[in-house]
Amino acid sequence: MHSWLVPLVLLAALVGLLAWRWKFKPSHPRLWCEYWVYVRRNQLPTTEAFLERMVGSNPFNKPGQPCIGAREGLLFTDLRFHMALAKKEKNPESFRPDLADEHLALAPDTLLLLHDSTALVVLRYASDRVVADVRHLQFMPHAAAAILDLCDGTAVLDTQASQLWNRDEFKSILEKRPQVDGFDLHCRVVWRQAEEGFRARTLGLTKVGRSDLVTDPQEPDHETLVTDVLRQAAREAFRDPSGTGPWTVEAFSDQFEVALGPVQGRLQSVRIGRRQPS
């Protein structure tokens, strides 16, 4: 083979490999779970202090019921778990997250908490593949609570659910229910006006590796019904990340079928239809 052909062959092989990987790349969206903990201490805790606060000294432990057991503890050394410090002076836009997120509305007292913070700790669990379990749903909120204590934290932002709690609110949630791997903490349904009408959509299903769901345009006075139906379907999608529906749910004494449509960008459309009595 001529020497000048070698680079061409290698280039063709590389292009073919990339094309193959693109064609057969899983369509399942990336799993992404992320919390920003706003703090007044410009330094991450030591590994030892973090582990101790998460496990042995976790104030939300109940007798015989540790919040972080051996199952969740494996995430301490999982490469998909990431913790980093971002100082306010270098990342000022991160201290006004409401300006970049239409689903996040902050009260004046909450804005004051962010103003008084000097840094934020980013806690992220991300995977390009579907995980076999969702132990990170229990691990991540407790990691956020640990950072609140160890770094003089003021507030916690769930970037995927577009929800922010002050220190006392967040810790109160874990105090009332230390098992926090369910739908209610991790996801929510919002109602927003778009150019073509009103739509309901989910926020937070990316935490289990699914695209968030969005309805077709709806009538303005259907908010209560549509959000209730979508919330029930989203619970099923959250419970079974590989489920494809359709899901049958009941609302206001009627049954509705929620079917998945195409994925466009980061959202998957759903169609809601009323089931006719048989």
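Residues numbered from 1 in each chain as written. Predicted model: local features only at pLDDT ≥ 70, side-chain atom pairs only at ≥ 80, totals over all residues. Heavy atoms only, no water.

### Examining the sheet that holds strand β3 (residues 119-127)
And then number 1: Taken in spatial order, the 5 strands line up as β2-β3-β1-β4-β5 in an open sheet, and their pairing is antiparallel. Each edge of the sheet is formed by a strand with only one pairing partner; in this case those strands are β2 (81-87) and β5 (163-166). Strand after strand, the sheet turns through a mean of 20 degrees between neighbouring axes, direction not considered.
And then number 2: Across 7 bridges, β2 lies against β3 in antiparallel orientation. Bridging across to β3, Ala84 finds its partner in Val122.
And then number 3: Across the face of the sheet, helix α5 (residues 136-150) comes into contact with β1 (31-39), β2, β3 and β4 (153-158) while running at roughly 10 degrees to β1. (Pairing = 2+ DSSP bridges. Helix = DSSP H or I, 4+ residues; strand = E, 2+ residues; numbered from the N terminus. Axes fitted to C-alpha atoms, helices over the stretch in contact; angles between N-to-C directions. Contact = heavy atoms within 4.5 Å.)

### Observations regarding the packing of aromatic side chains
And then number 1: Tallied over the full model, the rule gives 8 aromatic pairs.
And then number 2: Taking 6.0 Å as the distance between ring centres and 90 degrees as the angle between the ring planes, the aromatic pair formed by Phe50 and Phe76 counts as edge-to-face. Taken together, the residues Phe50 in helix α2 (residues 47-54) and Phe76 in the loop between α3 (70-73) and β2 connect sequence positions 26 residues apart.
And then number 3: For Phe50, a relative accessible area of 4% translates into the label buried.
And then number 4: The exposure class assigned to Phe76 is partly exposed, which follows from its relative accessible area of 22%.
And then number 5: Cluster of aromatic residues (ring-pair linked, three or more members): Phe50, Phe76, Phe81 and Phe139. (Phe/Tyr/Trp six-rings, centres within 6.5 Å; stacked < 30°, edge-to-face > 60°. Buried < 20%, exposed > 50% of the residue type's maximum accessible area, 1.4 Å probe, protein only.)

### What about the side chain of Ser94?
And then number 1: Turning to its location among the elements, Ser94 is positioned in the loop between β2 and α4 (108-116).
And then number 2: A relative accessible area of 14% places Ser94 in the buried class.
And then number 3: Setting aside residues up to four positions removed in sequence, Ser94 forms contacts with Trp36, Tyr38 and Leu120.

### Thoughts on the pattern of salt bridges
And then number 1: As enumerated under the stated definition, the model contains 17 salt bridges in all.
And then number 2: Where Arg96 meets Asp98, a salt bridge forms, and the shortest distance between an N and an O atom there is 2.8 Å.
And then number 3: The exposure class of Asp98 is buried, given its relative accessible area of 16%.
And then number 4: Close ionic contact of Glu236 with Arg239 constitutes a salt bridge, the shortest N to O distance being 2.9 Å. Here Arg239 and Glu236 lie together in helix α8 (residues 223-239), a separation of 3 residues that amounts to about one turn.
And then number 5: Three or more residues are tied together by salt bridges with common partners; here these are Arg53, Asp149, Arg167 and Lys171. (Salt bridge = Lys/Arg side-chain N within 4 Å of Asp/Glu carboxyl O.)

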